[in-house]
Amino acid sequence: MENLKRLDLEVEEFMDILEERRRSSDLGHAFRTFNPQLYRGVPPCSVKDLNRTVLESQYLSYVIKEVAMESGKTLEVVREEASGILEEMSHNLQLGFIRLLGFIFTKVFKRLFSSIHVNQEGLNRLQQAIQESPVILMPNHRSYVDFLVLSYILFTYDLPIPVIAAGIPLMGMKMIGEILRRCGAFFIRRAIGSDKLYWAVLSEYVKTIVRKGYAPVEFYVEGLRSRTLKSLTPKLGMMHMVLEPFFKAEVYDINLIPISISYDRVLEESLLAHELLGIPKPKETTTGLFKARKVLDEDYGSMHVYFGHPLSVRQLSQGKINRCQYNLIPRDLPQRPSPETQACVSWLAHLVVCVQEEGMVLSPWSLMACLLLQSLPAAQEGSLAWDLLTQKTLWLRDLALGFGARLHWPEQISDSDVMSSSMALHSTVVRCEGGRVHLVEEEGPAGNQPISPAEGVIRRAGPVLMVALYRNQAMHVFVRPAMLAVAIHTAQSTRREDIFNFFSFLQDVFSNEFIFVPGKTSQDFEESCHLLRKCGAVQVSDQEVKETEEGQTTTAFLRALLQPFIDAYQVVFSHLCEEGVQVFTEKQLVPAVRTLASQLILSGELNSYEALSSDTQKNVLSALLRLDAVTKSRVGVPSEFQAKKAAIRKIGAIMTGRIPPQRHLIAALDARL
């Protein structure tokens with residue numbers, strides 16, 4: 001067992017589930033008695049019975065009639081189409097395949113990870129929740145391993161195996177797709193669009209599982225695997241589906257289980273960094289999976305899986321939604337969610353993601369990454385003294401704990417050894433030689449062929465973005481205090497109202513970059529003031545917020561943490577305000593901004609490689625759309641956009657402090673959120 005470092009908060013014990021596996025038979029573990037307790041009163045249900053219930057539902061029958069009338073097809077043809085969609089989609093969970101993968105995963109996980117830590121109390125809470133209400137498992141998504149490890153943990157602890165929403169590309173992998181289906185995966189197309197029949201089959205399938213309580217439903221509320229290791233803006237389609245049975249009073253309550261999965265090192269780290277630089281992700285194939293066997297020879301350190309407290313939808317939605325609206329229309333008829341329902345679902349989704357972040361366990365390397373990205377560009381010869389890095393990391397460890405972070409920092413070995421072993425996991429990207437730490441640049445083309453300056457920028461950007469992945473794992477701890485530090489510095493005022501306005505502006509602009517619960521801006525501001533006051537960085541009164549002299553080290557660190565994102569946004573603003581940019585698509589925007597950022601880096605005008613990241617560039621576009629500084633001039637594939645240059649210039653000017661954020665602008669931004 002281990003206890004995580006965490007100040008002023010309840011500390012839960014974590015158990016290493018691989019410890020027992022290293023001492024006992026893998027075969028015995030896979031084929032032991034498995035007898036999970038299901039949701040109370042649930043009768044046994046075969047996959048065939050589940051699919052028949054879906055196809056015979058009044059809701060799906062109604063939609064089939066609508067589609068037949070709109071398309072001119074016969075009812076029989078549309079029913080066959082619905083049956084085909086369900087056959088493609090549905091899981092075929094079989095205990096024999098769970099046992100098979102339980103045996104295989106034990107072998108794989110013991111080679112990949114030194115330990116997999118799970119909070120025992122969280123599993124106990126989950127067991128209780130499963131027996132009381134339908135349960136929705138909601139893990140964050142940082143690696144393909146996420147999909148595998150949760151089912152493995154539940155199997156290990158005799159908990160019901162979930163049915164899992166998976167992307168359709170996984171189904172196309174020969175043999176692997178069918179194995180995943182028999183381990184509980186159901187497959188969803190990525191581009192559903194306006195396909196009414198597909199939406200109806202999918203939603204009825206999911207809602208039937210939730211209503212009947214056949215199994216926990218697992219899905220990623222972020223929708224996609226995060227390529228930056230930051231939380232993504234939640235997608236609300238599946239969220240609406242799993243919550244609708246409660247809104248329509250078909251179940252008494254639903255328990256949402258936020259699950260936080262943290263890695264010392266992510267298997268796909270190099271792949272993720274290259275994807276951000278525009279190198280396409282390899283297609284998911286069985287051949288590709290077998291070619292990736294070399295990852296088994298690497299050390300990926302520890303993994304932590306934290307099962308959060310169950311969130312009762314019944315309790316959380318009180319006062320946020322009037323369920324009487326669902327009594328006005330028969331339950332089996334399609335019903336478009338009201339604005340009130342959409343707001344409630346969005347609020348719940350953002351809350352789940354924030355709770356996931358609170359459960360994340362930081363490694364020492366995440367703290368070191370924060371400091372390396374700030375220190376290396378300014379250091380002589382592109383390296384940093386190990387002793388200085390150690391000193392700064394220990395300072396940052398105390399700051400992170402003071403801010404409420406969960407931190408995996410072994411106490412039985414020296415601080416220097418903790419840091420050395422943590423950095424050794426990442427020797428492909430950073431090394432310590434001669435007492436100095438430096439990044440490892442990617443190898444150039446074979447034969448020592450000359451490379452262009454722009455290619456040199458991309459080569460240097462690879463390791464920087466790989467380090468940034470792990471800094472991003474810690475951003476949720478620091479981002480709100482960092483925004484307050486930037487607001488104090490940029491607003492050039494000590495008036496509390498001025499600083500709050502600038503803080504609110506930053507939250508609005510960065511709401512696609514970081515996760516903030518809607519309607520919590522004032523609370524976030526007060527909590528940020530409290531944290532910075534607690535560490536002595538600011539003095540706070542009813543009228544003023546002042547930076548203290550002794551707190552300048554803290555506020556300078558926090559401002560520097562946010563600066564790469566501010567720089568990246570300004571680069572996109574600059575590109576969109578160029579005279580030649582009128583109507584554009586996302587595919588045109590990303591390479592154009594990357595070219596501009598490369599030029600600025602080469603000229604020394606830009607120090608941040610964050611502006612080269614395609615995900616950051618797309619986040620800027622989403623933010624400008626939300627703030628009405630960019631409009632869609634054509635909806636379709638691809639969508640076309642038009643920049644409102646005056647509005648973009650104004651946002652850029654406010655961000656740099658040239659003009660203050662105006663109250664009416666803040667109010668308008670809040671209204672859009």
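Residues numbered from 1 in each chain as written. Predicted model: local features only at pLDDT ≥ 70, side-chain atom pairs only at ≥ 80, totals over all residues. Heavy atoms only, no water.

Observations regarding the side chain of H91
By the secondary structure assignment, H91 is in the loop between α5 (75-89) and α6 (95-112). Side-chain polar atoms of H91 contact the backbone nitrogen of L93, separated by 3.0 Å. Sequence-distant contacts of H91, that is, excluding residues within four places in its chain, are made with V47, L50, V163, R181, G184, A185, F186 and Y205. (Helix = DSSP H or I, 4+ residues; strand = E, 2+ residues; numbered from the N terminus. Polar contact = N/O pair within 3.5 Å; in protein donor to acceptor, adjacent residues only side chain to side chain. Contact = heavy atoms within 4.5 Å.)

Structural notes on the nonpolar core
Core analysis: the largest hydrophobic core is formed by 142 residues, its most contacted members being F113, I116, V305, F307, F478 and L576. Broken down by element, the residue count for this core peaks at twelve residues, all from helix α24 (residues 552-576). When neighbours within four sequence positions are excluded, F113 is seen to be in contact with L18, R22, V145, Y263, L267, Y300, G301 and M303. Of all hydrophobic cores here, the second largest spans 60 residues; its members include L50, V67, V242 and V345. (Core = buried A, V, L, I, M, F, W, Y, C linked by side-chain atoms within 4.5 Å. Buried < 20%, exposed > 50% of the residue type's maximum accessible area, 1.4 Å probe, protein only.)

Here we look at the sheet that holds strand β19 (residues 630-634)
As summarised here, the arrangement of the three strands in space is β18-β20-β19, forming an open sheet in which the pairing is antiparallel. Only two strands of the sheet have a single neighbouring strand rather than two, namely β18 (583-584) and β19. Examined bridge by bridge, β19 and strand β20 (residues 640-643) share four bridges and lie antiparallel to one another. Looking at the pairing, V630 lines up with A643 of β20. (Pairing = 2+ DSSP bridges.)

Section: the environment of L93
Along the chain, L93 falls in the loop between α5 and α6. For the pair L93 and I179, spaced 86 residues apart in sequence, the C-alpha separation works out to 9.4 Å. Residues contacting L93, with those up to four places away along its chain left out, are V47, I98, I161, R181, R182, C183 and G184.

So, the packing of helix α4 (residues 58-71) against α5
For the pair α4 and α5, interaxial distance at closest approach is 9 Å and the crossing angle is 120 degrees. It follows from the interaxial angle that α4 and α5 lie oblique. α5 is crossed by α4, and the crossing has right-handed handedness. Across the interface between the two elements, I64, K65, V67 and A68 from α4 touch L75, V78, R79 and A82 from α5. (Axes fitted to C-alpha atoms, helices over the stretch in contact; angles between N-to-C directions. Parallel < 35°, antiparallel > 145°, perpendicular 65-115°, else oblique. Left-handed = near helix turned anticlockwise from the far one by under 90°.)

Let's talk about the packing of aromatic side chains
On inspection of all chains with the given rule, the structure shows 20 aromatic pairs. Geometrically, the ring pair formed by F109 and F113 is tilted, given 6.2 Å between the ring centres and 50 degrees between the ring planes. Residues F109 and Y152 carry aromatic rings whose centres are separated by 5.3 Å and whose planes lie at 80 degrees to one another, so their mutual orientation is edge-to-face. Of this pair, F109 sits in helix α6 while Y152 is found in helix α8 (residues 145-156), placing the two residues 43 residues apart along the sequence. When its relative accessible area of 2% is taken as the criterion, Y152 is described as buried. Aromatic rings pair up to connect F105, F109, F113, Y152 and Y263 into one cluster. Lying across the ring of Y144, R225 places its NZ or CZ 4.5 Å from the centre. Sitting over the ring of Y306, R406 keeps its end group 4.2 Å from the ring centre. (Phe/Tyr/Trp six-rings, centres within 6.5 Å; stacked < 30°, edge-to-face > 60°. Lys NZ or Arg CZ within 6 Å of the ring centre and 35° of its normal.)

Looking at the pattern of salt bridges
Tallying each qualifying case throughout the model produces 36 salt bridges. A salt bridge links K107 to D26, with the nearest nitrogen and oxygen atoms 2.9 Å apart. In this pair, K107 sits in helix α6 while D26 sits in helix α2 (residues 26-30), placing the two residues 81 residues apart along the sequence. Residue K107 is classed as partly exposed on the basis of its relative accessible area of 41%. (Salt bridge = Lys/Arg side-chain N within 4 Å of Asp/Glu carboxyl O.)

Looking at the sheet that holds strand β15 (residues 436-439)
Remark on secondary structure: sheet strands pair via backbone hydrogen bonds, oriented parallel or antiparallel. One open sheet holds the three strands; their spatial order is β12-β15-β14, and the pairing between them is antiparallel. Edge positions in the sheet fall to β12 (383-385) and β14 (430-433), since each of these pairs with one other strand and no more. Going across the sheet, the axis of each strand differs from the next one's by a mean of 25 degrees, ignoring polarity. As defined by bridge partners, β14 adjoins β15 across four bridges and the pair is classed as antiparallel. Note on β15: the bridge partner recorded for C432 is V437.

Quick word on the pairing of strand β6 (residues 185-188)
The two faces of β6 match: A185 and F187 on one face and F186 and I188 on the other face are all buried. Judged from the four bridges that link them, strand β5 (residues 163-167) and β6 form a sheet pairing that is parallel. From the neighbouring strand, I164 faces β6, where its bridge partner is A185.

Things to note about the environment of S416
For S416, the location among the structural elements is in helix α19 (residues 415-424). Judged by relative accessible area, S416 falls into the partly exposed class, the value being 32%. Spatially, the C-alpha atoms of S416 and S151 are 36 Å apart, while their sequence positions differ by 265 residues.

Describing helix α22 (residues 496-509)
For the α-helix, the turn length of 3.6 residues means that residues three or four positions removed from each other point alike. For α22, which comprises 14 residues, the first-to-last C-alpha distance of 20 Å matches the rise-based estimate of 20 Å (1.5 Å per residue) to within 8%. When you tally the buried positions in α22, you get eleven out of 14 residues, the bulk of the element. The set of residues buried in α22 consists of R496, I499, N501, F502, F503, S504, F505, L506, Q507, D508 and V509. (Expected span 1.5 Å × (residues − 1).)

Structural notes on helix α13 (residues 269-276)
For α13, a buried count of six out of eight residues is recorded, marking the element as mostly surrounded by other parts of the structure. Those residues of α13 not exposed but buried are E269, L272, A273, H274, E275 and L276. Phi for G278, located one or two positions after α13, is positive at around 95 degrees.

Considerations on the pairing of strand β8 (residues 255-263)
The buried fraction of β8 amounts to nine of the nine residues, a majority that puts the element mostly inside the structure. Side chains of β8 alternate between two faces, with N255, I257, I259, I261 and Y263 and L256, P258, S260 and S262 buried alike. One ladder, built from five bridges, connects strand β4 (residues 135-139) with β8; its direction is parallel. When the sheet's bridge partners are listed, I136 is paired in β8 with L256. Where β8 lies against strand β10 (residues 311-312), two bridges are found, and the strand directions are antiparallel. When the bridges of β10 are listed, N255 appears paired with S312. One ladder, built from five bridges, connects β8 with strand β9 (residues 302-307); its direction is antiparallel. Across the sheet, residue I259 finds its bridge partner in β9, namely F307.

A word on unusual backbone geometry
A positive phi angle is found at A249, which is not glycine, with a value near 60 degrees. Mapped onto the fold, A249 is located in the loop between α12 (237-247) and β8. Since its relative accessible area comes to 43%, A249 is described here as partly exposed. In this structure, Q492 is a non-glycine residue whose phi angle is positive, near 50 degrees. Mapped onto the fold, Q492 is located in the loop between α21 (475-491) and α22.

The values are spatial; any link to function lies outside them.
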